[in-house]
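Here is what each chain is made of, one letter per residue.
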Amino acid sequence: MECQICAESTSNKKYCGRCERIMEKVIRDVGPLWEKIDDCSYIYPMVKRVVDGDLKTQDVVNEILKGEAD
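Before going into details, it helps to say that this report is about the structure given with it. Predicted, not measured: the structure shown is a model, and the values here were computed from it.

Overview of the overall build of the protein
Helices and strands together make up the secondary structure of the protein, namely three helices and zero strands. Scanning the protein from its N terminus toward the C terminus, one meets helices and strands in the order α-α-α. A compact globule built from 70 residues would reach a C-alpha radius of gyration of about 11 Å, and the protein, at 12 Å, matches this within 12%. Dimensions of the protein, computed from the C-alpha atoms along their principal axes, are close to 35 × 25 × 15 Å. Split into buried and exposed, the 70 residues of the protein put 37% on the buried side.

What follows is the structure, given as structure tokens:
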């Protein structure tokens, strides 16, 4: 299989190890709000930018929280 975020090869997982760690941190930081998100694929480009070093995980969290406040 391949990671849905960065297209790296994975072993029967949705995400590679690096993307999975980033997603877990984002989910943990967003908290209960995460359960209200139906489809999280809209944040994949931002997570990819975290993998590339262009963003930090806090930037992704802030964007999710900002979206809920709008």
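Still more ground to cover, so stick around.
Considering the side chain of threonine 10
Following the sequence through the fold, threonine 10 ends up in the segment before helix H1 (17-30). Excluding residues that lie within four positions of it along the chain, threonine 10 makes contacts with Met1, Glu2, Cys3, Tyr15 and Cys16.

Section: the nonpolar core
Core analysis: the largest hydrophobic core is formed by 24 residues, its most contacted members being Met23, Val26, Trp34, Ile43 and Ile64. Each residue touching isoleucine 43, except ones within four places of it in the same chain, is listed here: Met23, Val26, Trp34, Val60 and Ile64.

About the thresholds
- Residues numbered from 1 in each chain as written.
- Predicted model: local features only at pLDDT ≥ 70, side-chain atom pairs only at ≥ 80, totals over all residues.
- Heavy atoms only, no water.
- Helix = DSSP H or I, 4+ residues; strand = E, 2+ residues; numbered from the N terminus.
- Rg over C-alpha atoms; globule rule 2.2 N^0.38 Å.
- Buried < 20%, exposed > 50% of the residue type's maximum accessible area, 1.4 Å probe, protein only.
- Contact = heavy atoms within 4.5 Å.
- Core = buried A, V, L, I, M, F, W, Y, C linked by side-chain atoms within 4.5 Å.

Honestly, it's all geometry; don't read function into it.
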